[in-house]
Amino acid sequence: MTRLICVTSGKGGVGKTTLVTNLATAFSKLDKKVMVIDGNITTPNIGFHLDMPLAQPTLHDVMRGSVRIRDAVRRHEAGFYVLPAGIHFDEMKGVDPSRLGEVVAHLDGTMDMIIVDSAAGLGREAQSAMDASNEVILVTNPDLPSVADALKTVKIARDKGKNITGVVLNRVRGHRHELEKHEIEAMLSIPIAAEIPEDASIPASIALRKPVVHTNPRSPASQEITRLAHALIGLQYQKRSPGIITRIFSAIFD
Ligand SMILES: Nc1ncnc2c1ncn2[C@@H]1O[C@H](COP(=O)(O)OP(=O)(O)OP(=O)(O)O)[C@@H](O)[C@H]1O
Ligand SMILES: [Mg+2]
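A. Structural detail: the overall build of the chain. Broken down by element type, the chain carries 12 helices and 8 strands. With respect to the principal axes defined by its C-alpha atoms, the chain has extents near 50 × 40 × 35 Å. Within the chain, buried positions represent 46% of all 254 residues. Put simply, of all contacts in the chain between residues at least 6 apart along the chain, 75% involve residues at least 24 apart.

In C-alpha cells:
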C-alpha cells in the first residue's frame, strides 16, 4: 500500500520543500520506493532544490492531459523519483489544481510513499494537495504567526478527515523568545514529531541544489530528518556525532 503524504503549512517559507526532498532522501536510504510531487502548482520550488528547474515535460503538462505521467517522472541521484512542476508563469494556464488528486491516484500502488509538496496556506491549491493525500505532515516554525496559521491548517485537515501524522517544528534555535515545544503542542493539540534545528548546512545544500541528507547526512538537521523518517515507519534511529563538514560550518556560522 502506498502512503500518500502531504507536507503542508499555514504560513509560507517554513521549510516544507526542504523537508520533502530530505524525507524522500532518508526514505530512499531505507530502501523505500519514494516519489516526490511538486503540488505547489503556482509557485513550484522542487526543481530548484533538486537541480532540475527547467525539466520538461512537467506535472503541469500531465495535469493538462498532454503528457503521460511516466514521461514527466525523473529519478534523482539520491534514489527517489520526482514529478516536478513547471516554473514558467504561462505553464499554469489551463491547469486545474484539483486534478492533482487524479495524478496521485494513478500512481497509487507504484511506490511505498508519495510525498506531495504543498503550497502554503488554506487556498484551493493547498487543499488540493491535502485532498490528494491520506496523511498530513504539518510544518511550522516556533513563532506565533506560524503556529497560529498552522492551527487553521489543523482545522481544515480535521474537517476533511485527514490523519495528521505529525507536526514538524523547523528552524529551532533554542532562543528565549521562541515558543516552546509544549506550548505549541498545547496550541495545536498534536504531538511534535520532530524538532529540526536551525542549521547552516540547509541553505548551503539548497545552493548546491542537493538534499542535505544526501550531501551532509551527519549535520544536525539531517540527523533529525533521518530520525523522523525512521519514526514514520516504526524504526529507531541512533544519532551520531556531527561530521567534520558540520563542525566547520558551526565554527564559521555560530
Ligand atoms: N532548518 C533550517 N535551518 C536553516 N535554514 C532553513 C531550515 N529550513 C529551511 N531553511 C531555509 O528556509 C528557506 C525556506 O525553506 P523552504 O523553501 O523549504 O520553505 P517552504 O515552506 O517550502 O516555502 P514556500 O511556502 O514558499 O513553499 C530556505 O531558503 C531554506 O534555506
Ligand atoms: Mg516550498
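B. Representation of the pairing of strand E1 (residues 3-8) in the model. In terms of burial, E1 is largely enclosed, as 5 of its 6 residues are buried. Sheet topology note: the E1/strand E5 (residues 113-118) ladder contains 5 bridges and is parallel. When the sheet's bridge partners are listed, Ile 5 is paired in E5 with Ile 115. With 4 bridges joining them, E1 and strand E6 (residues 135-140) adopt parallel strand pairing. Opposite Val 7, over in E6, you have Ile 137 as the bridge partner.

C. Highlighting the site of ligand 1. For ligand 1, the set of nearby residues contains 20 residues, the closest of which are Gly 12, Gly 15, Lys 16, Thr 17 and Thr 18. Residues of the shell around ligand 1, tallied by class, amount to 7 nonpolar, 9 polar and 4 charged.

D. Expanded view of the environment of Asp 96. One can find Asp 96 in the loop between strand E4 (81-83) and helix H5 (100-107). Residue Asp 96 is classed as exposed on the basis of its 12 C-beta neighbours within 10 Å. Here the alpha-carbon distance between Asp 96 and Ser 128, two residues 32 residues apart in the chain, equals 9.6 Å.

E. The arrangement of helix H9 (residues 201-208) in detail. Those residues of H9 that fall on the buried side of the exposure criterion are Ser 201, Ile 202 and Ser 205. Each buried residue of H9 sits inside an arc of 100 degrees when the element is viewed along its axis, so together they form one side. Along H9, the residues that are exposed and aim more than 90 degrees away from the buried face are Pro 203 and Ala 207.

F. Representation of the pairing of E5. Counting buried positions along E5 yields 6 of 6 residues, so the element is predominantly enclosed. In E5, alternate side chains face the same way, and those of Met 113, Ile 115 and Asp 117 on one face and Ile 114, Val 116 and Ser 118 on the other are all buried. In terms of strand pairing, strand E2 (residues 34-39) meets E5 through 6 bridges, oriented parallel. Across the sheet, residue Ile 37 finds its bridge partner in E5, namely Val 116.

G. Expanded view of the packing of helix H7 (residues 144-159) against helix H8 (residues 181-188). At a closest axis distance of 10 Å, the pairing of H7 and H8 adopts a crossing angle of 35 degrees. Judged by the twist between their axes, the crossing of H7 over H8 is right-handed. Contact residues: Val 147, Ala 150, Leu 151 and Val 154 in H7; Ile 184, Met 187 and Leu 188 in H8. Of the residues belonging to the contact of H7 with H8, the class tally is 7 nonpolar, no polar and no charged.

H. The environment of Arg 70, seen in detail. Mapped onto the secondary structure, Arg 70 falls in helix H4 (residues 69-72). Under the C-beta neighbour-count criterion, Arg 70 is labelled exposed, with 11 such atoms within 10 Å. Each C-alpha atom, one on Arg 70 and one on Leu 107, is 9.5 Å from the other, the two residues being 37 residues apart in sequence.

I. Structural view of the nonpolar core. Leu 23, Val 36, Ile 115 and Val 116 are the most contacted members of the largest nonpolar core, which totals 64 residues. Apart from residues no more than four positions distant in its own chain, Val 116 is found in contact with Ile 5, Cys 6, Val 7, Ile 37, Gly 39, Val 104, Ala 129, Ala 132 and Ser 133.

J. Just the sheet that holds strand E3 (residues 74-75), in detail. In spatial order, the strands read E3-E4-E2-E5-E1-E6-E7-E8; together these 8 strands make up an open sheet with mixed pairing. On the outer flanks of this sheet lie E3 and strand E8 (192-197), each paired with one strand and no other. Summarising the sheet, E6 and strand E7 (residues 163-172) pair through 6 bridges and their orientation is parallel. Bridge pairing links Thr 140 to Leu 169 in E7. With respect to the sheet, H7 is in contact with E1, E6 and E7, its orientation differing from that of E6 by roughly 170 degrees.

K. Representation of the packing of helix H1 (residues 16-29) against helix H11 (residues 220-232) in the model. At a minimum axis distance of 9 Å, the contact between H1 and H11 shows a crossing angle of 65 degrees. The handedness of the crossing between H1 and H11 comes out as right-handed. Touching Leu 19, Asn 22, Leu 23, Ala 26 and Phe 27 of H1 are Ile 225, Thr 226, Leu 228 and Ala 229, all from H11. Class assignment for the residues of the contact of H1 with H11 results in 7 nonpolar, 2 polar and no charged.

Definitions and limits used
Residues numbered from 1 in each chain as written. Chains lettered and ligands numbered in written order. Predicted model: local features only at pLDDT ≥ 70, side-chain atom pairs only at ≥ 80, totals over all residues. Helix = DSSP H or I, 4+ residues; strand = E, 2+ residues; numbered from the N terminus. Buried ≥ 20, exposed ≤ 12 C-beta atoms within 10 Å, placed from the backbone. Contact = placed C-beta atoms within 7 Å. Pairing = 2+ DSSP bridges. Near = placed C-beta within 6 Å. Nonpolar A, V, L, I, M, F, W, Y, C, P; charged D, E, K, R; others polar. Arc of directions from axis to C-beta. Axes fitted to C-alpha atoms, helices over the stretch in contact; angles between N-to-C directions. Left-handed = near helix turned anticlockwise from the far one by under 90°. Core = buried A, V, L, I, M, F, W, Y, C linked by C-beta atoms within 7 Å.

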